[in-house]
Amino acid sequence: MLNSIKRRITARKVRVDAAEEQFLKPNPVHANNGDEDRYPNKIGSSTKGLAHDPNTGEVIPEAYAKLLAALRGGRSTDFDALASNGALGCGDPTKQRRFVNPQSAYAYDLEGIDSHQLTQPPAPAFASAQEAGEMVELYWMSLLRDVPFAEYDNNPVAIAAAEDLSKLSDFRGPKVGGKVTTQTLFRDEYPGCTTGPYVSQFLLQPVNFGAQSIDTRILTNTAGIDFNTTFTDWLSVINGCQPPASMAIAAGPRVYAYNGRAVAQYVHTDFLYQAYFVACVNLLGGAGTSYLGDAGNPYGQFIDHTGTGLPLPIGMSGAPADIGFGTFGGPAIATLVCEPATRALKHQWYQKWLVHRRLRPEEFGGHVEVQNLGRATYPFHPDLFKSTVLGAISAKFGSHLLPVAFPEGSPLHTAYGSGHATVAGACVTMLKWFFDESAIIENPMVPEPGKPENLIPYVAPKGEEPLTVGGELNKLASNISQARNIAGVHWRTDASAANRLGEEVAIAMLEELGELFNEPYGGFSVTRFDGTTIRV
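Residues numbered from 1 in each chain as written. Predicted model: local features only at pLDDT ≥ 70, side-chain atom pairs only at ≥ 80, totals over all residues. Heavy atoms only, no water.

### Quick word on helix α11 (residues 340–356)
Operational definition: Numbering of helices and strands starts at the N terminus; helices are DSSP runs of H or I of at least 4 residues and strands are runs of E of at least 2. Expected helix span is taken as 1.5 Å per residue step, with the number of steps being one fewer than the number of residues. Note on exposure labels: buried denotes an accessible area under 20% of the residue type's maximum, exposed denotes more than 50%, and partly exposed covers the range between, all computed with a 1.4 Å probe on protein chains only.
In a regular helix each residue adds 1.5 Å, so 17 residues correspond to 24 Å; α11 covers 22 Å between its end C-alpha atoms and thus fits that length. By the criterion of burial, α11 is predominantly enclosed, with 14 of the 17 residues buried. Directly beyond the C-terminal end of α11, a positive phi value near 55° is found at R357.

Next comes the structure, spelled out in C-alpha cells:
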C-alpha cells in the first residue's frame, strides 16, 4: 500500500505546482475599442435592459452610470440595487428580464488559468468598416434563414449576398480568389470549414448513447416568422421587457439541421456543451464507427467506455494487459469534453462585462432605424449604405431594424464575445486532443432535399477533399457559433474571438494533466483553429 502521508504531500504539491505555473504567466493588457469613452450617448456600448429614451432608443445616461458603478464595485448588493434605483428599463418589474450573471466575471476557479489572465483583442469599433461589414452580413443572414444551406449555390438571395459581401472594403469572412462565394457564405476559415456540406456531421448523425438513442433532429420554428421589426417592439425588447405571450415562437416540424432557422433554434434552447457531448458519443462509436487513437494515448485504441474490459476484436493484437477507462478512456473524455464549459464562460464573462461591453447587433440595427426615421444622425461607416441589403430589408420588413429569430432578442449580457462560441472553442479543442483528427468520416450524411426530416448519403463532388474528424469538429464549432449570428444576436467577431479564447482555456487545462497520470504520457497533438499544430 502506498504511504498515505507521502500521497497527501504529493497530492498537495501537484496542486500547488500547477497553480504556481499559471501564476507565473504574465497578465495581458485588456484593451477595448474605445467606443464607451468615444460616445457620451453610449451608442457603441451594450445598454440592453436599461432605461432608454422613447424617441431615439438611446440609453438614459444615469441608468448606464449606475450599471458601470455596479460593475466597478463588484458587490452583490450593487447589482441587487439596479432593480430598485431606476436603472432598469421595463416599467413593470414582473416583466423585467434580468442581467445574466455579471458576477461570474469576478469568480475564481481551481483548474486552469485564471479568467483575468487571458484576453481578447478589441472588438471592431462602431464607426469602422469592419463593423459595417459584419452588420451587412447579419442582415443577409436574416434574409436567408429559411433557405436550405444546400440550395445557396442556386438561390438568388444567397448569390446576391455573396456578391454584396465581396464588395465591402473590410469583410473578413472566408473568400476564394478574394471573393465571397455561396460555398464560403456564413462559414469560417478554420481547417475543414469550407469543405463539403455546411452542417457538420456531428450535428446530423444519430448516435447510440449506451442503451438509448439520440435523435439529432431539431424541433424547429415555423418559417417566415421574425421578430423586433417595428420600433415599438424593438424599444420594448431593448428596455428588457419580456415579450408578451402573443409573440411566442410557433413550433415547426422536427428536422435535421438544414437551414438557418433550424440551427438558430438549436442554439436557442441547447445546453452549451450539448453538441460536443453528442459528438463525443459519436466518436466513441455511437454512430457505428470509433475514431479512437491519438498517437500519444498509452493505450492506443484499446480503451473502454463501459467498464466491461471486453476482449479485443478478432484480428487485433499488440494490446497491453489493461485498457483505458477513468484515464485515457471513454469516461475520461466524456467528462473532459464538458468540463471546460463553465471555466470558459468565466473567462468570457470577464471580457463581456469588465472589458468590452460591446453592443448587440439588434442595438446597432435600432440606431440604423433611428437615423432612417430622421430622429438622430450617427457615424456609420459608408459601406453600410453602399450595400444593397438595407433596401432588401426595408422592402421585406418596412424598417432598417435587424430581424431576429427570437422574440426576446439577445440575452441580457453584452455581445463580445459569444458564450456559445467560447464553449465551442474549449470543448472542440478537448475532442481534437483526444481523437484522431486525420481520420476520414465514414458514411457522411446530409438532409434530404425537400424532406429535411430524413437523411441521405452525402456524395462528394469529384476532387473534393474528404471530410475528416478534425475538419468536422472545426465545422461543428463554426456551426454553433455562426448559428447565434444567424439568429441575429451576435457578430462575426463575437464568434471568432470567442472560439480562440475557448481554445486557450482548454489548452491551459490540458497543460496541467502531465503530472496526474501513472501511465507514460508525452502529450497529444492538437490542431488549432489557425491551422498550426501543438502538442499538449
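### Digging into helix α17 (residues 492–511)
Compared with the 28 Å implied by 1.5 Å per residue over 20 residues, the 29 Å span of α17 between its first and last C-alpha is a close match. In terms of burial, α17 is a largely internal element, 17 of the 20 residues being buried.

### Focus on unusual backbone geometry
The omega torsion across Y416 and G417 is -5°, close enough to zero to call that bond cis. Relative to the assigned elements, G417 resides in the loop between α14 (389–397) and α15 (419–434). Residue F328 is not a glycine yet carries a positive backbone phi of 55°. Its location among the elements puts F328 in the loop between α9 (274–286) and α10 (330–338). Here F328 falls in the buried class, since its relative accessible area comes to 3%. Positive phi is not limited to glycine here, since R357 has a value of about 55°. If you trace the backbone, R357 turns up in the loop between α11 and α12 (361–372).

### Some thoughts on the packing of aromatic side chains
Worth spelling out the cut-off: Put simply, two rings from Phe, Tyr or Trp (the six-membered ring, in Trp's case) pair if the centres are within 6.5 Å, and we call them stacked under 30 degrees between planes, edge-to-face over 60, tilted for the rest. A ring is considered to have a charge above it if a Lys NZ or an Arg CZ atom is located within 6 Å of its centre and within 35 degrees of its normal.
Taken as a whole and judged by the stated rule, the model has 26 aromatic pairs. Taken together, a centroid distance of 5.4 Å and an interplanar angle of 80° make the contact between F517 and Y521 edge-to-face. Classification of Y521 by relative accessible area gives buried; the value is 18%. Sitting over the face of the ring of W349, K352 holds its NZ or CZ atom 5.0 Å from the ring centroid. In this structure, R375 packs its charged tip against the face of F231, placed 4.9 Å from the ring centre.

### Here's the deal with the nonpolar core
Just so we agree on the cut-off: What we call a nonpolar core is a set of buried Ala, Val, Leu, Ile, Met, Phe, Trp, Tyr and Cys residues that are connected through their side-chain atoms within 4.5 Å. Here, residues are in contact when the closest pair of their heavy atoms is within 4.5 Å.
Ranked by size, the top nonpolar core spans 111 residues in total, and within it L185, Y276, L384, L431 and W433 carry the most contacts. Beyond its immediate stretch of four places on either side in the chain, L431 contacts Y276, A279, C280, L283, I333, V337 and L473. Of all hydrophobic cores here, the second largest spans 20 residues; its members include V59, F99, W349 and W353.

### Concerning the packing of helix α8 (residues 260–269) against helix α16 (residues 469–486)
Cut-off, in case you're wondering: Axis geometry follows a simple rule: fit a line to the C-alpha atoms, using only the stretch in contact for helices, then measure angles between N-to-C directions, giving values from 0 to 180 degrees. The scheme is simple: roughly parallel for angles under 35 degrees, roughly antiparallel for over 145, roughly perpendicular for 65 to 115, oblique for anything else. Gly counts as polar in this scheme, as do all residues outside two lists: the nonpolar Ala, Val, Leu, Ile, Met, Phe, Trp, Tyr, Cys and Pro, and the charged Asp, Glu, Lys and Arg.
One way to put it is that α8 packs onto α16 with a least axis distance of 8 Å and a crossing angle of 100°. In terms of orientation, α8 lies roughly perpendicular with respect to α16. Along the contact surface, α8 presents G260, V263, A264, Y266, V267 and H268, while α16 presents I480, A483, R484 and I486. Of the residues assigned to the contact of α8 with α16, the class counts are 7 nonpolar, 2 polar and 1 charged.

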